[in-house]
Amino acid sequence: MDALTQALSSSFSVSGEANSTSAPHPRLAQYKSKYSALEQSERRRRFLEQQKEKRLNYVNHARRLADGDWTGGDSDEEEEKAPKNQQDEAEDEGMEVEQRKKLPKHYANQLMLSEWLVDVPADLSSDWFLVVCPVGKRSLIVASKGSTASYTKSGYCVNRFPSLLPGGNRHNSAMGKDYTILDCIYSEVDRTYYILDVMCWRGHPVYDCSTEFRFYWLQSKVEEVEGLSEIGKRNPFRFVSLSSINCSTESIQKALAHDYSFSVDGLLFYHRETHYTPGSTPLVGWLRPYMVADIIGIDVPQCPLTTKPDYASHQMQQILEHKKTSTEVRPAEENGRYELEHLSTPENQTKTNNQREGMES
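All figures in this text were calculated on a predicted structure; none of them were measured in a lab. The numbering scheme is per chain: residues are counted from 1 as the chain's sequence reads. Local features in a predicted model are, by the rule used here, given only for residues with pLDDT of at least 70; side-chain atom pairs are given and counted only at 80 or more, and totals for whole chains, interfaces and linings are based on all residues. Side-chain calculation: all heavy atoms of the structure are included, whereas hydrogens and water are not.

1. Section: the pairing of strand 3 (residues 137–144)
Only protein chains enter the accessibility calculation, which uses a 1.4 Å probe; a residue is then buried when its area is under 20% of its type maximum, exposed when over 50%, and partly exposed in between. Helix and strand assignments come from DSSP, with helices taken as H or I runs of at least 4 residues and strands as E runs of at least 2, each series counted from the N terminus. By the criterion of burial, strand 3 is predominantly enclosed, with seven of the eight residues buried. Strand pairing is defined by DSSP finding a minimum of two bridges between the two strands. Pairing of strand 3 with strand 6 (residues 179–187) involves eight bridges; the strand directions are antiparallel. Across the sheet, residue Arg138 finds its bridge partner in strand 6, namely Ile185. As defined by bridge partners, strand 3 adjoins strand 4 (residues 147–151) across five bridges and the pair is classed as antiparallel.

Given below as structure tokens:
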């Protein structure tokens, strides 16, 4: 603790104004120097190289997710094992867990999750996309055999309903040949699944396609489905695709100043060439809007999204304490937890942070 205190204090600089906003945030500055940019940049380079070498059978993988048929996979005995950490995670996600029920395995760890954007890429403006994300719960959507299932990132099926997605209801399932797999954020307030990414559409997997293509394809396919963004008998939840923009300074500034129809949680930065790879990846970066000025180093408009909340210092302290350096590609952990994955920030978590901040002050 003394070493950490000394390291943090060394980042403070004396200026005309105490903790001037014109100078880098002291904890942000220390975070950058302690966990150097080279570490995350190097892992990005390795991820891009390794995805070229991978030749996974995504057609078979998507079909198994859609059909729920894992014959020839791991034994059921392993699936019956119920690690306590998976039960705890299910409870954290607000679900009731039956003690004797088999815990999920095949649908866990299927989402591509982010890391904190620590190192600002030199090619940010040219090779990265920005997606503004609403507050909600991360969901894996599988539409197949005339039904649509919603899974948590830990693999628990929390809802099953009809939808207008290809394969999502009995009127458009085409004898089970059509199926769709999406990466979404579910907003209970809006009864809306906001689509972040697409892994498979109408039986055609796009896991090994670039972000640029997936985003383009997603937008074009969603526009073809009439009524998908409206609530109806065959579509009890809205499905709305989130827009992506380039990461030029002007585009980021406009995105921060924009008035959204949903409560904004944060910003995701996708590398243009990354494939859809389940697990945590440095090729997808995550920032809260108030961090943009300090991390990316650009002028931001004075607006609600850029105003630092009361828990800002506590959150940055958490990043400093829990960030793990690594020079290797890390797969997702078996319990469904990912390194520094903060894509969904529930409202009660914000209240908890505020309470902790008040206790520490």
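2. Digging into the pattern of salt bridges
Salt-bridge detection follows one rule: a side-chain nitrogen of Lys or Arg within 4 Å of a carboxyl oxygen of Asp or Glu. Applying the stated criterion across every chain, the model contains 13 salt bridges. Where Asp119 meets Arg44, a salt bridge forms, and the shortest distance between an N and an O atom there is 2.8 Å. Linking Asp119 in the loop between strand 1 (112–116) and helix 7 (124–127) with Arg44 in helix 3 (residues 37–53), this pair joins segments that are 75 residues apart in sequence. Overall, Asp119 belongs to the buried group, its relative accessible area being 7%. The residue Glu49 makes a salt bridge to Arg45 at a minimum N-O spacing of 2.6 Å. Of this pair, Glu49 and Arg45 both sit in helix 3, four residues apart, which is roughly one turn of that helix. Put simply, Glu42, Arg45, Arg46 and Glu49 are held in one network by salt bridges that share partners.

3. Looking at the packing of aromatic side chains
For any two aromatic rings, the description comes down to two numbers: the centre-to-centre distance and the angle of the planes. Each pair of aromatic rings taken from Phe, Tyr and Trp, with Trp reduced to its six-membered ring, is defined by centres within 6.5 Å and is described as stacked if the planes are under 30 degrees apart, edge-to-face if over 60, and tilted in the remaining cases. Going through the model one piece at a time under the given rule, you end up with 14 aromatic pairs. Centroid distance Tyr193 to Phe239: 5.2 Å. Interplanar angle 15 degrees. Geometry classified as stacked. With Tyr193 in strand 7 (residues 192–201) and Phe239 in strand 9 (residues 238–241), this residue pair connects regions lying 46 residues apart in the sequence. We note that Tyr193, like Phe239, is buried. An aromatic cluster is present here, built from Phe161, Tyr186, Tyr193, Phe237 and Phe239 joined pairwise through their rings.

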